[in-house]
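Architecture at a glance
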Amino acid sequence: MIIMFSARRLKPGAWEPFRRAWDPGDDRPPGLQRAYHARNIRDQDEIISFGLFDMTEEDYRRWRAEADAQETQRVGSLSAYVVNDHVSGVYEVIDVVDE
């Protein structure tokens, strides 16, 4: 399982255009199970976004090599609505804690 995660501060009132720019439409990465956007309850312009992907690191690297130009353009488009990106990365799940 791979998780793509980011924590960003958006420009004031930029949630809606950011969300439209974030959406890859039909060109979603393979293995997407679910994606979440969450807003800090104390600061509506602080957003975390993460997606859960049923893929290996090798699958991710292969997809990224194939879709690099398109993904770089998508991220560039959404950055117009971002003040800063606190944390961003691709993470491999190494432990799961269930109820």
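Everything below is about the structure shown above.
Just so it is clear, the model here is predicted, and its values are computed rather than measured.

1. Details of the overall build of the protein chain
Secondary structure assignment for the protein chain yields 2 helices and 4 strands. Starting at the N terminus and ending at the C terminus, the protein chain contains elements arranged as β-α-β-β-α-β. In terms of overall size, the protein chain behaves like a compact globule, its C-alpha atoms giving a radius of gyration of 14 Å where 99 residues would be expected to give roughly 13 Å. Relative to its full complement of 99 residues, the protein chain shows a buried share of 25%. Sequence separation of at least 24 residues holds for 75% of the intrachain contacts in the protein chain that already meet a minimum separation of 6. Total accessible area on the protein chain stands at roughly 6900 Å², and carbon and sulfur atoms take up 49% of it. Averaging the positions of the 13 positive and the 19 negative side-chain charges in the protein chain gives two centres separated by 8 Å.

2. Description of the sheet that holds strand β4 (residues 82-92)
Read across the sheet, 4 strands follow the order β2-β3-β1-β4 without closing on themselves; strand pairing throughout is antiparallel. A strand with exactly one partner marks an edge of an open sheet, and here the two such strands are β2 (32-40) and β4. For this sheet, the mean inter-axis angle between neighbouring strands, taken without regard to orientation, is 10 degrees. Across 8 bridges, the pairing between strand β1 (residues 2-10) and strand β3 (residues 43-53) is antiparallel. Within β3, the residue paired with I3 across the bridge is L52. Seen against the sheet, helix α1 (residues 15-22) touches β1, β2, β3 and β4 and runs at an angle of roughly 165 degrees to β2. Packing against the sheet, helix α2 (residues 57-78) makes contact with β1 and β4, and its axis sits at approximately 20 degrees to β1.

What counts as what
- Residues numbered from 1 in each chain as written.
- Predicted model: local features only at pLDDT ≥ 70, side-chain atom pairs only at ≥ 80, totals over all residues.
- Heavy atoms only, no water.
- Helix = DSSP H or I, 4+ residues; strand = E, 2+ residues; numbered from the N terminus.
- Rg over C-alpha atoms; globule rule 2.2 N^0.38 Å.
- Buried < 20%, exposed > 50% of the residue type's maximum accessible area, 1.4 Å probe, protein only.
- Contact = heavy atoms within 4.5 Å.
- Areas by Shrake-Rupley, 256 points an atom, 1.4 Å probe, with all protein chains shown as cover.
- Lys, Arg positive; Asp, Glu negative; His and termini not counted.
- Charge placed at Lys NZ, Arg CZ, Asp CG, Glu CD.
- Pairing = 2+ DSSP bridges.
- Axes fitted to C-alpha atoms, helices over the stretch in contact; angles between N-to-C directions.

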